[in-house]
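So you can see what is in the structure, the chains are spelled out below.
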Amino acid sequence: MSDGKLEKMEKDFSPQVDNLLPETKELTENGKLNEAIEKLLAVEKQARNAADQASTGRILVQIVKLCHDVKDWKLLNEQIVLLSKKHGQLKAATTKMIQEAMSYLDSTPDMETKLELIDTLRTVTDGKIYVEVERARITRLLAKIREEEGKTTEAADILQELQVETFGSMDKREKVDFILEQMRLCLAKHDYIRTQIISKKINTKFFQDKENEDLKLRFYDLMIQHALHEEQYLNVHKYYKQIYDSESIQQDDSKWKQALQNAILFVILAPFDNEQSDLVHRILEDTQLAQIPEYQALAKCFVTFELMRWSEMEDKYKDVLSQSFVFDKSTEEGQKRISEFHRRVIEHNIRVVAMHYTRVSTARLSQLLGLDEKDTEESLSKLVVSKTIFARIDRSAGIVNFQTKKDANQTLNDWSSDINSLLNLIEKTCHLISKEEMVHSIAKVK
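Given the structure is predicted, the values throughout are model-derived calculations rather than measurements. (Residues numbered from 1 in each chain as written. Predicted model: local features only at pLDDT ≥ 70, side-chain atom pairs only at ≥ 80, totals over all residues. Heavy atoms only, no water.)

**Describing the pattern of salt bridges**
Then, in step 1: Under the definition given, this model contains 29 salt bridges.
Then, in step 2: Taking the shortest distance from any N to any O, the salt bridge between arginine 137 and glutamate 174 comes out at 2.8 Å. Of this pair, arginine 137 sits in helix 7 (residues 132-148) while glutamate 174 sits in helix 9 (residues 172-188), and the two are 37 residues apart along the sequence.
Then, in step 3: Judged by relative accessible area, which is 22%, glutamate 174 ranks as partly exposed.
Then, in step 4: Taking the shortest distance from any N to any O, the salt bridge between arginine 184 and glutamate 181 comes out at 2.6 Å. With a gap of three residues between them, arginine 184 and glutamate 181 both fall in helix 9, about one helical turn apart.
Then, in step 5: Arginine 184 sits in the partly exposed class, given a relative accessible area of 30%. (Salt bridge = Lys/Arg side-chain N within 4 Å of Asp/Glu carboxyl O. Helix = DSSP H or I, 4+ residues; strand = E, 2+ residues; numbered from the N terminus. Buried < 20%, exposed > 50% of the residue type's maximum accessible area, 1.4 Å probe, protein only.)

Quick look at the structure:
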């Protein structure tokens, strides 16, 4: 019943319904639709009060079917609302009626009629848990119509009304598909914050099953769009790596090469830290990387502690940079990423200098980096602020000091460690001398 309690069926109206359905169909064919509906409603009331779910459901379906057969869409909408509001209407019967009405959406004569039927179905399903899946499907259809009309924002707002992750009766795959559609519409209306929030509703473990791989690729494609807008290049790398690891992608040479190439380009675009360094080393261990040698060589440049000349990098990897959408000079984003790539090369060079020098003049450092002193100081300052390296600039003397200043405790600890190492070495030496003396004394006795 409508109050949520299950009631035992008091009487079976199946025989009456079996006789009534052909009779009402014949009346409708003779133009007596209202008379047919009245007969059906009389039996419907008795079946409903007797808690006969099967018979009530058949009658409700017959009523909407008869209205559809005569193409009386207005009466169909009225009957759907009327039947759903009947006192103590059975849930199973209402569900069958709504499912039957949903099947008529594709056969509506025009868009106006279709929207009226959608609106009616959304009204009668509002707040009813037992038809939440049907409501979700109708709402998605309405969002699709609004999007086709060019009302993307309205379509996104309509779809976001539903929290499908809480729908217990909806299949998990359909839930994920629904959430992906919400994400796509949020990206279409440039609502990147909400896209990020919605993406958290999907547990990525769901994508481990092979049959869900199509949804996995859609999910990571949407996440790449979001991360590119937010300039989260390390996340873009991770998403491309997930796509690359997919079985269907591995079976297509062009697709896995494209995914791996993009993964490499974005990991070297990401700011240096322990995670970024680890990901670069990991991707270099991939055996398939040998099939794209230009990208392999490019990645190796960032793990080799040698200086890179920007002019030489541009000439050597000109084809790599020009072929990819990542560094497309015709777009503002592409030009921005080229500048970012140049910055990563400079930062790598500064780390190399910091590793090999304790002190260096700013003039010499500028020469090594291929920059003027102002840009050198700015790049160096950014790395110091991010705590990637330690450095102190003496502007008056024109000296950069990379040596970390030690406090008294650290100096004493280093001295103590050195003394311990020295004493251990002396002790070992004395032991070896004693051993040699004993060997020689035994030899003399013999």
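Further notes follow.
**Looking at the environment of arginine 48**
Then, in step 1: Its location among the elements puts arginine 48 in helix 2 (residues 33-49).
Then, in step 2: Residue arginine 48 is classed as buried on the basis of its relative accessible area, which comes to 6%.
Then, in step 3: Sequence spacing of arginine 48 and tyrosine 357 is 309 residues, and the spatial spacing of their C-alpha atoms is 89 Å.
Then, in step 4: Apart from residues lying up to four places away in sequence, arginine 48 is in contact with Thr56, Lys86, His87, Gly88, Gln89 and Leu90. (Contact = heavy atoms within 4.5 Å.)

**Observations concerning the side chain of glutamate 44**
Then, in step 1: Note on placement: glutamate 44 falls in helix 2.
Then, in step 2: Within polar-contact distance, the side chain of glutamate 44 engages the side chain of glutamine 89 at 3.2 Å.
Then, in step 3: If we ignore the near neighbours within four places in the chain, the residues touching glutamate 44 are Thr56, Ile59, Leu60, Lys86 and Gln89. (Polar contact = N/O pair within 3.5 Å; in protein donor to acceptor, adjacent residues only side chain to side chain.)

**Structural notes on unusual backbone geometry**
Then, in step 1: The phi torsion at histidine 190 lies on the positive side, around 65 degrees, for a residue other than glycine.
Then, in step 2: Considering the arrangement of structural elements, one finds histidine 190 in the loop between helix 9 and helix 10 (192-199).
Then, in step 3: Residue histidine 190 is classed as exposed on the basis of its relative accessible area, which comes to 56%.

**As for the sheet that holds strand 1 (residues 359-361)**
Then, in step 1: Read across the sheet, three strands follow the order 1-3-2 without closing on themselves; strand pairing throughout is antiparallel. Each edge of the sheet is formed by a strand with only one pairing partner; in this case those strands are strand 1 and strand 2 (392-394). With strand direction ignored, the average angle separating the axes of adjacent strands in the sheet is 20 degrees.
Then, in step 2: The pairing of strand 1 with strand 3 (residues 399-401) spans three bridges and is antiparallel. Each residue of the ladder has a partner; that of serine 361, found in strand 3, is isoleucine 399.
Then, in step 3: Sitting on the sheet, helix 20 (residues 362-369) touches strand 1, strand 2 and strand 3, and the angle it makes with strand 1 is about 85 degrees. (Pairing = 2+ DSSP bridges. Axes fitted to C-alpha atoms, helices over the stretch in contact; angles between N-to-C directions.)

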